[in-house]
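# Structural overview for review
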Amino acid sequence: MRKEIDIVYLHIKKSAIVLHLRYRGYDAELVTPEDTDALLRVRRINAIAFKYGISNTMAISIHVNAAGMGKEWMKARGWCAYTFPEHTESDGHPDIEQPFYILKHTYCAAVLTENLFMDNREDCAFLLSDVGRKAIIGLHVDGIVAYLNDAEPEPFR
């Protein structure tokens, strides 16, 4: 079964998650290697979904959050996942429902993650470290594989 992965933005090499999924035997593709507008990302994802089947395709849009305007270090911290309101099967799971364009207009299953805060000094240092990059990659790969196998992901350590 083919599952497409849309890796949009993260302070890691974008293709790392795709490479890890391919190593595990999944057919993953970096849909937007450049930073482009949401409309183009959605068009690319939907074209893949129509080609391989909507139920065989999923989109993961990966981001790093920010709490301020980039002028000072902020105190906000954390990680979250967004799904489109009333279109999620993740009832009882810790997702937040928001009508983001990429979640609303993709025809396949879609989730948007915000991975820590780039304007929090500790989060930024972690994101830029080898340990942090490996943790974010592992968290996404393990979550995607669990989803594809209808299993609960292992708790993050």
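Preceding this paragraph is the structure being described.
Residues numbered from 1 in each chain as written. Predicted model: local features only at pLDDT ≥ 70, side-chain atom pairs only at ≥ 80, totals over all residues. Heavy atoms only, no water.

## With respect to the overall build of the protein
Each helix and strand counted, the protein has five helices and four strands in total. Ordered by position from the N terminus, the helices and strands of the protein form the series α-α-β-β-β-α-β-α-α. Across the 157 residues in the protein, those meeting the buried criterion constitute 41%. Considering only residue pairs separated by 6 or more positions, the protein has 68% of its internal contacts joining residues 24 or more positions apart. A total of about 9,300 Å² of accessible surface is found on the protein, and carbon and sulfur atoms cover 56% of it. (Helix = DSSP H or I, 4+ residues; strand = E, 2+ residues; numbered from the N terminus. Buried < 20%, exposed > 50% of the residue type's maximum accessible area, 1.4 Å probe, protein only. Contact = heavy atoms within 4.5 Å. Areas by Shrake-Rupley, 256 points an atom, 1.4 Å probe, with all protein chains shown as cover.)

## Here's the deal with the pattern of salt bridges
The final tally for this structure, using the stated rule, is three salt bridges. Across the pair Arg24 and Asp142 runs a salt bridge whose closest N-O atoms are separated by 3.0 Å. Placement of Arg24 in the loop between α1 (15–23) and α2 (38–52) and of Asp142 in helix α5 (residues 130–148) is noted, with a sequence separation of 118 residues between them. Residue classification places Arg24 among the partly exposed residues on the basis of a relative accessible area of 44%. You can call Asp142 partly exposed: its relative accessible area is 38%. (Salt bridge = Lys/Arg side-chain N within 4 Å of Asp/Glu carboxyl O.)

## Describing the packing of helix α4 (residues 121–128) against α5
For the pair α4 and α5, interaxial distance at closest approach is 4 Å and the crossing angle is 80 degrees. Considering the angle they form, α4 stands roughly perpendicular to α5. Here α4 contributes Phe126, Leu127 and Leu128 to the contact with α5, which in turn contributes Asp130, Val131, Gly132, Arg133, Ala135 and Ile136. Of the residues belonging to the contact of α4 with α5, the class tally is six nonpolar, one polar and two charged. (Axes fitted to C-alpha atoms, helices over the stretch in contact; angles between N-to-C directions. Parallel < 35°, antiparallel > 145°, perpendicular 65-115°, else oblique. Nonpolar A, V, L, I, M, F, W, Y, C, P; charged D, E, K, R; others polar.)

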